[in-house]
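Read off the chains here:
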Amino acid sequence: MKSAVMPIDPPLAPTGFSYDASSVEWQKFFTQGTWYRILHVDVAARQADMLVKFDPDSQCMYHRHAACTSTLVLAGELRLQEQIEGSERLKVKPAGSYSVGGEGEIHIEGSGHEQAVIFFSMRSDTEVIYELLNEDLSLKRAVTVADFDRDWREHWPHDVRTT
């Protein structure tokens, strides 16, 4: 596959910006070297907010965003390997970078040579937040807002507010 590095908008934060994630209650995520922390889930609004931590030189698996996703790079850099028209394009987003969108995007997210911490806020028009994909980009499993809610209640029950 072809690979190209795409420039991004300048970061919002000054150079050297970093979020201290040392006291976050992390849980193992889908792939080696990835961790997550659900911050909030609103099933009725089809919204989920979370932090993801990538150990140095780690990445998640191919997935397709079904939800509009706001992304803020809190520490390190976020590397996106995007699949566009049969070729792969690399985007690098340093700490302080913010973006919105992502519906329908197919990519792998990961870190560079340093640990990366990313805030994701996902809002969907359907129950599906994103779809995990096999290497051939076929559907492996849909991840829904109900999945996020179940994980949130299981791993961080002290955060869940009932009304």
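Criteria and cut-off values
Residues numbered from 1 in each chain as written. Predicted model: local features only at pLDDT ≥ 70, side-chain atom pairs only at ≥ 80, totals over all residues. Heavy atoms only, no water. Helix = DSSP H or I, 4+ residues; strand = E, 2+ residues; numbered from the N terminus. Buried < 20%, exposed > 50% of the residue type's maximum accessible area, 1.4 Å probe, protein only. Contact = heavy atoms within 4.5 Å. Areas by Shrake-Rupley, 256 points an atom, 1.4 Å probe, with all protein chains shown as cover. 1 Å grid on protein atoms, 1.4 Å probe; cavity = no way out; pocket = protein on both sides within 12 Å on 5 of 7 lines; lining within 4 Å. Points joined across faces, edges and corners; volume = space filled by probe spheres on them. Nonpolar A, V, L, I, M, F, W, Y, C, P; charged D, E, K, R; others polar.

Novice: Would you take a moment to explain the overall build of the protein chain for this structure?
Specialist: For the protein chain, the count of helices and strands is one helix and 13 strands. Going from N to C terminus, the protein chain has its helices and strands arranged as β-β-β-β-β-β-β-β-β-β-β-β-β-α. Looking at the protein chain as a whole, 48% of its 163 residues qualify as buried. For the protein chain, restricting intrachain contacts to residue pairs at least 6 apart in sequence, the fraction spanning at least 24 positions comes to 70%. As displayed, the protein chain offers around 8800 Å² of accessible surface, 51% of which is attributable to carbon and sulfur atoms.

Novice: Which parts of the structure should I look at to understand empty space enclosed by the protein?
Specialist: Gaps left between atoms are located by rolling a probe of water-molecule size over the structure's atoms. Considering all chains together, one arrives at one cavity of 30 Å³ or more under this definition. The calculated volume of the largest cavity comes to roughly 150 Å³. Taken together, 16 residues make up the lining of the largest cavity; nearest its centre are F29, M50, H63, E109 and Y130. The set of elements that each furnish at least two residues to the lining of the largest cavity consists of β4 (47–54), β5 (63–65), β11 (116–123) and β12 (128–133). Among the elements that make up the lining of the largest cavity, the one with the highest residue count is β4 (three residues). Each residue belonging to the lining of the largest cavity can be placed in one class, and the counts come to 11 nonpolar, four polar and one charged.

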